[in-house]
Amino acid sequence: MKLYAPRRLREGTNVKRSRRDAARGLHDASHRAGSFARPHRCRARPCGSVATPLGLRALIVVLVVGALGGVGYLLWSHFSSASRAKAELGDAIDCVAQADAAIVPLNEAVSSQIGGDTSSHEGPSEKIDSATSLLTEASSHLERAQALADHLDDSGREVLDALSASIEARRGMIGAGEVIVDVDDAVSSALGLLGQARDRLESADEKAKAASDAANEYARFLAGEQTQIKDANVAVSLDNEAASLIAEASDLLGKAKQAFGDADYAVYESYVAKRAEAAQLMLDADSAVVSGDFERAGQLVSQYNAADAEAATFAATLPANLSDIFVDSYARLTSAERQKYAESAAKAADADAVVRKYQGVDERFDAFGRGIVAARGAGRVQELPPVPRMCEVDVYSLA
């Protein structure tokens, strides 16, 4: 009869043997792998956890890093664009400031009285061309800044609009100012020529008086009196000088009319013509005396006296000031442009105030624009100089 150990014992024996065999196997494996090898131990996974594949973990890391990089790029792009916009804005302001180098003297010319000193008008076309070019360059900078407006704050966007208005206002000032200066130059030229004509007429008066005195002295000589004039040709020579001066005055009057043809020169033309007629009659009378034709000389003297009286009548109708004949035509030709200039200057001044506020310029302590009459505000040259406000000039108050 074969005896069996109890099941529990058999199993226990097998378990013990298995553990000894496993230990022996591990020992053998450890011995074969080297004295430094350690038995492999498996970590138990917490109950309910799910394994995360290595690829998924890498993907998550890549996404997080990419997101952070994208945010960083967006921030960098924003601040970089804002910086470029401010740089373009600053360049536009610099161009406007440089353009005012021509606008300031233009304002002085517009604000001056007509017929006055036009030395400030010298070389205006070159300056105006330069200012126009600078304003075009300013507009280009402004357009590039406007393309980046989304990266500016509210004050930056506000100054973009203000600077655009300032540039357009300056263009309006230049356009209107050119017309005014052209008319003023023409009037000044005509007024100068008219003044020269007046000077010639005054000199002719002196020569005519001297000729009359010489003729009277010669008449006394013929009557047997002792005089210094014993030759009738002295009066004739003086008559010729007077007639020549009147002819020059007539020529200068014609040049004045060419310089500015919108004025009414009729009263001066009538006066000069009558003076020329009287001078010729006097010359003919004295020439008749030289030839011994005293009867004809007497007739010519009577005609001379009548012509001289008519000339005196014309002289009484001449304007008190030479420039008076230009008043109406000057006002008609420039009133609209002066209004446009004043309105443009006001718009530019208002726009510049916004720019200065953006730049932090305190107008109370800024001294730029000295000598600019009625200019509103102030600004440094390297930032934004003030727009000259047109002087309130009465166009009827002439030099």
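Bear in mind that the values here come from a model prediction, so they are computed numbers and not experimental data.

So, the overall build of the chain
Alright, step 1. A count of helices and strands for the chain gives eight helices and zero strands.
Alright, step 2. In sequence order, the chain lays out its α and β elements as α-α-α-α-α-α-α-α.
Alright, step 3. Burial analysis of the chain (399 residues in total) assigns 35% to the buried set.
Alright, step 4. A separation of at least 24 residues holds for 78% of the contacts in the chain among residues at least 6 apart in sequence.
Alright, step 5. Per element, the accessible surface of the chain, about 23,500 Å² overall, is 54% carbon and sulfur.

Some points on the layout of surface pockets
Where empty space is left becomes clear once a probe the size of a water molecule has been rolled over the atoms.
Alright, step 1. As a volume, the largest pocket reaches approximately 250 Å³.
Alright, step 2. Looking at the lining of the largest pocket, the elements that each hand over two or more residues are helix 4 (154-222), helix 6 (266-291) and helix 7 (294-316).
Alright, step 3. If one sorts the elements of the lining of the largest pocket by residue count, helix 4 sits on top with six residues.
Alright, step 4. Broken down by class, the residue content of the lining of the largest pocket amounts to twelve nonpolar, three polar and one charged.

Some points on a negative patch on the surface
Alright, step 1. Taken together, Glu126, Asp129, Glu178 and Asp182 make up a surface patch of like negative charges.
Alright, step 2. Residue class for Glu126 comes out exposed when judged on its relative accessible area of 52%.

Thoughts on a nonpolar patch on the surface
Alright, step 1. The grouping of Phe221, Leu222 and Phe294 at the surface amounts to a nonpolar patch, some 280 Å² of accessible area in total.
Alright, step 2. Along the polypeptide, Phe294 turns up in helix 7.

As for the environment of Glu202
Alright, step 1. Tracing the sequence through the fold places Glu202 in helix 4.
Alright, step 2. A residue is classified by how much of its surface remains accessible, and Glu202, at 44% relative accessible area, is partly exposed.
Alright, step 3. For the pair Glu202 and Ala242, spaced 40 residues apart in the sequence, the C-alpha separation amounts to 9.7 Å.

So, the pattern of salt bridges
Alright, step 1. If you walk through the whole model with that rule in mind, you get 16 salt bridges.
Alright, step 2. Of the charged contacts in the structure, one is a salt bridge between Glu248 and Arg200, with a shortest N-O distance of 2.8 Å. Of this pair, Glu248 sits in helix 5 (residues 233-259) while Arg200 sits in helix 4; the two residues are 48 residues apart in sequence, bridging distant segments of the chain.
Alright, step 3. Given a relative accessible area of 26%, Arg200 falls into the partly exposed group.

Section: the packing of aromatic side chains
To describe a pair of aromatic rings, one takes the distance between the centres and the angle between the planes.
Alright, step 1. Following the criterion strictly, the structure yields three aromatic pairs and no others.
Alright, step 2. Here the aromatic rings of Phe260 and Phe326 are separated by 5.8 Å at their centres, their planes lie at 65°, and the arrangement is edge-to-face. Of this pair, Phe260 sits in the loop between helix 5 and helix 6 while Phe326 sits in the loop between helix 7 and helix 8 (327-359), placing them 66 residues apart in sequence. Of the two residues, Phe260 and Phe326, both sit in the buried class.

Some thoughts on the packing of helix 6 against helix 7
Alright, step 1. Viewed as axis vectors pointing N to C, helix 6 and helix 7 meet at an angle of 165°, and their least axial separation amounts to 8 Å. Of the possible angle classes, the one that applies to helix 6 and helix 7 is roughly antiparallel. Both helix 6 and helix 7 take part in a crossing whose hand is left-handed.
Alright, step 2. Of the residues that constitute the contact of helix 6 with helix 7, the class distribution is 17 nonpolar, two polar and seven charged.

Observations concerning helix 8
Alright, step 1. For helix 8, which comprises 33 residues, the first-to-last C-alpha distance of 44 Å matches the rise-based estimate of 48 Å (1.5 Å per residue) to within 8%.
Alright, step 2. Positioned one or two residues after helix 8, Gly360 has a phi angle of 80°, which is positive.

Comments concerning the side chain of Glu88
Alright, step 1. By the element assignment, Glu88 lies in helix 2 (residues 54-111).
Alright, step 2. Under the relative-accessibility criterion, Glu88 is labelled buried at 18%.
Alright, step 3. Once residues lying within four places of it in the same chain are set aside, the contact partners of Glu88 are His141, Arg144 and Ala145.

Details of the packing of helix 4 against helix 8
To characterise two packed helices, one gives the angle between the axes of the helices and the distance between these axes.
Alright, step 1. The interhelical angle for the contact between helix 4 and helix 8, taken along N-to-C directions, is 155°, at an axis separation of 7 Å. When the interaxial angle is binned, helix 4 and helix 8 end up roughly antiparallel. When you trace helix 4 past helix 8, the crossing you get is left-handed.
Alright, step 2. Each residue belonging to the contact of helix 4 with helix 8 can be placed in one class, and the counts come to 20 nonpolar, seven polar and eight charged.

A word on the nonpolar core
Alright, step 1. Of all hydrophobic cores here, the largest spans 61 residues; its most connected members are Leu163, Phe260, Tyr265 and Phe326.
Alright, step 2. Elements represented by at least two residues in this core include exactly helix 2, helix 3 (124-147), helix 4, helix 5, helix 6 and helix 8.
Alright, step 3. Ranked by residues supplied to this core, first place goes to helix 4 with 21 residues.
Alright, step 4. Of all hydrophobic cores here, the second largest spans seven residues; its members include Met282, Ala285, Leu300 and Ala307.

Describing the side chain of Arg170
Alright, step 1. With respect to the element layout, Arg170 can be found in helix 4.
Alright, step 2. Looking at Arg170, its side chain comes within polar contact range of the side chain of Asp100, at 2.8 Å.
Alright, step 3. Of note is the side chain of Arg170, whose polar atom sits 2.3 Å from the side chain of Ser166.

A look at the confidence of the model for the chain
Alright, step 1. Overall, the predicted model of the chain reaches an average pLDDT of 74, with 65% of residues at or above 70.
Alright, step 2. Here helix 1 (residues 7-33) stands out as the least confident element of the chain, with mean pLDDT 47; helix 5 is the most confident, with 96.
Alright, step 3. Every residue in residues 29-40 scores below 50 in pLDDT, and together they form two contacts with partners more than four places removed in sequence or on other chains.
Alright, step 4. In this model, residues 362-399 is a region of pLDDT below 50 whose contacts with residues beyond four sequence positions or in other chains number 106 contacts.

Thresholds, definitions, all that
Residues numbered from 1 in each chain as written. Predicted model: local features only at pLDDT ≥ 70, side-chain atom pairs only at ≥ 80, totals over all residues. Heavy atoms only, no water. Helix = DSSP H or I, 4+ residues; strand = E, 2+ residues; numbered from the N terminus. Buried < 20%, exposed > 50% of the residue type's maximum accessible area, 1.4 Å probe, protein only. Contact = heavy atoms within 4.5 Å. Areas by Shrake-Rupley, 256 points an atom, 1.4 Å probe, with all protein chains shown as cover. 1 Å grid on protein atoms, 1.4 Å probe; cavity = no way out; pocket = protein on both sides within 12 Å on 5 of 7 lines; lining within 4 Å. Points joined across faces, edges and corners; volume = space filled by probe spheres on them. Nonpolar A, V, L, I, M, F, W, Y, C, P; charged D, E, K, R; others polar. Patch = residues over 30% accessible without salt bridge, like charges linked within 9 Å, V, L, I, M, F, W, Y side chains within 5 Å. Salt bridge = Lys/Arg side-chain N within 4 Å of Asp/Glu carboxyl O. Lys, Arg positive; Asp, Glu negative; His and termini not counted. Charge placed at Lys NZ, Arg CZ, Asp CG, Glu CD. Phe/Tyr/Trp six-rings, centres within 6.5 Å; stacked < 30°, edge-to-face > 60°. Axes fitted to C-alpha atoms, helices over the stretch in contact; angles between N-to-C directions. Parallel < 35°, antiparallel > 145°, perpendicular 65-115°, else oblique. Left-handed = near helix turned anticlockwise from the far one by under 90°. Expected span 1.5 Å × (residues − 1). Core = buried A, V, L, I, M, F, W, Y, C linked by side-chain atoms within 4.5 Å. Polar contact = N/O pair within 3.5 Å; in protein donor to acceptor, adjacent residues only side chain to side chain. pLDDT = per-residue confidence, 0-100.

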